[in-house]
Amino acid sequence: MRETLTLKAIEWSNQNFWINFIALSFPTAWDETTDLSLSEIIEETVGKEQKKLLLEWWDHFTHYDKETFNETDGYSDDPTTLVCPLTATQTLKLEFHPGDIVYFINDKQIASTGPHFRIQIFPFTDLAAATEIDSRIFLLLLPLTTVGTGEREAKQATTLIAKHLSQWFAPTACKQFATSIVYGLSNSD
C-alpha cells in the first residue's frame, strides 16, 4: 500500500510538492503576453537544473515508471494519496498518479487534471468566500474552480492567487502565474 498523507506532509516548506502541483494542475492556464502555458513559464522561472530536480522529486512522489506508465496510461493501482477534512461531513482526497491527479470528496470522484481533465466544477467566488479555509486547501481546490468573465472577479482572483503563490516565487512571477491561472479558469469549457 502506498503512502497516505495529511496536510502536514505538504507544509509550505515542501517546495517540491507545491511547485510541481501548481505547474501540473492547471492545463488551461496560459499567458497571452508570452504565449506560454503555466508549466512552461514555471520551467523558465526555476531554471533547467531546478526543473530536473523537481521532476525527479515528482516522479518519485507519484511512483513514475516509464514501463508501467505506458501500460496503464499513467494510472497507478496504489497511488500516493492525500486525505484532509473539508468540513465535519466532507473529506477531500487526492490521488497522485504519474499521469493524473484525481480528486474525490467522500470517496466520490469529482475531478481530474490528467489528459482527459475534468476540472472547473464550481465558481471561484465560492472558494474565495471560504475565508476560514486553510491556504493549502485553497490551492488544492483552486484547479476545480471557474472564474467569471467579469473584470472585477478576475482581478480579485488574480490578487488572491498571487498572494498564495508568494510562498515560493517573487511578486512579479506570482502575478504572471496568477494571471495565467485566471485566464485558464475563465476561458475553458
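Predicted model, so just to flag it, every value in this text is computed and none were measured.

## Quick word on the overall build of the protein chain
Of the regular secondary structure elements, the protein chain holds eight helices and nine strands. Computed over the C-alpha atoms, the radius of gyration of the protein chain is 16 Å, within 12% of the 16 Å expected from 2.2 N^0.38 for a compact globule of 189 residues. Along the first, second and third principal axes, the C-alpha set of the protein chain runs to 45 × 45 × 30 Å. Here the protein chain holds 189 residues, and 43% of them are scored as buried. Restricting to contacts in the protein chain with at least 6 residues of sequence separation, those with at least 24 account for 57%. For the protein chain, the exposed surface amounts to about 10200 Å²; the carbon and sulfur share of it is 49%. Treating the 14 positive side-chain charges of the protein chain as one cloud and the 26 negative ones as another, the clouds have centres 5 Å apart.

## What about the packing of aromatic side chains?
One pair of aromatic rings is described through two measures. These are the centre distance and the angle between the planes. Counting across every chain of the model gives 16 aromatic pairs. Residues Trp18 and Phe21 carry aromatic rings whose centres are separated by 5.9 Å and whose planes lie at 80° to one another, so their mutual orientation is edge-to-face. With a gap of three residues between them, Trp18 and Phe21 both fall in helix 1 (residues 15-24), about one helical turn apart. By relative accessible area, Trp18 is classed as buried at 0%. A ring pair is formed by Trp57 and Trp58, whose centres lie 6.2 Å apart and whose planes are at 40°; its orientation type is tilted. Classification of Trp57 by relative accessible area gives partly exposed; the value is 23%. Looking at Trp58, the relative accessible area reads 4%, which means it is buried. Counting every residue linked through ring pairs, the aromatic cluster contains Trp12, Phe17, Trp18, Phe21, Trp57, Trp58, Phe61, Phe96 and Trp168. Above the plane of the ring of Phe104 lies Lys93, whose end atom (NZ or CZ) is 4.7 Å from the centre.

## Some details on the sheet that holds strand 4 (residues 80-85)
A sheet is described by the order of its strands in space; here five strands give the open sequence 1-4-5-6-7, paired in mixed fashion. Lying at the two open borders of the sheet, with one neighbouring strand each, are strand 1 (4-5) and strand 7 (108-112). Each of strand 1, strand 4, strand 5 (91-97) and strand 6 (100-105) touches helix 3 (residues 48-62); the most contacted strand, strand 5, lies at about 115° to it.

## A look at the layout of surface pockets
In this structure, the largest pocket occupies an estimated 360 Å³ of space. In this structure, the largest pocket is lined by 21 residues; those nearest its centre are Ala23, Leu24, Ser25, Gly99 and Thr113. Per-element tally for the lining of the largest pocket: the top contributor is helix 3, with four residues. In terms of residue class, the lining of the largest pocket is built from 11 nonpolar, eight polar and two charged.

## Quick word on helix 2 (residues 38-46)
For helix 2, every residue scored as buried is listed here: Leu38, Ile41 and Ile42. Looking straight down helix 2, one finds its buried side chains confined to an arc of 100°; they lie on one side. Those residues of helix 2 that are buried are in contact with helix 1, strand 2 (30-31), strand 3 (36-37) and helix 8 (171-186). At the exit of helix 2 stands Gly47, carrying a positive phi of roughly 90°.

About the criteria used
- Residues numbered from 1 in each chain as written.
- Predicted model: local features only at pLDDT ≥ 70, side-chain atom pairs only at ≥ 80, totals over all residues.
- Heavy atoms only, no water.
- Helix = DSSP H or I, 4+ residues; strand = E, 2+ residues; numbered from the N terminus.
- Rg over C-alpha atoms; globule rule 2.2 N^0.38 Å.
- Buried < 20%, exposed > 50% of the residue type's maximum accessible area, 1.4 Å probe, protein only.
- Contact = heavy atoms within 4.5 Å.
- Areas by Shrake-Rupley, 256 points an atom, 1.4 Å probe, with all protein chains shown as cover.
- Lys, Arg positive; Asp, Glu negative; His and termini not counted.
- Charge placed at Lys NZ, Arg CZ, Asp CG, Glu CD.
- Phe/Tyr/Trp six-rings, centres within 6.5 Å; stacked < 30°, edge-to-face > 60°.
- Lys NZ or Arg CZ within 6 Å of the ring centre and 35° of its normal.
- Pairing = 2+ DSSP bridges.
- Axes fitted to C-alpha atoms, helices over the stretch in contact; angles between N-to-C directions.
- 1 Å grid on protein atoms, 1.4 Å probe; cavity = no way out; pocket = protein on both sides within 12 Å on 5 of 7 lines; lining within 4 Å.
- Points joined across faces, edges and corners; volume = space filled by probe spheres on them.
- Nonpolar A, V, L, I, M, F, W, Y, C, P; charged D, E, K, R; others polar.
- Arc of directions from axis to C-beta.

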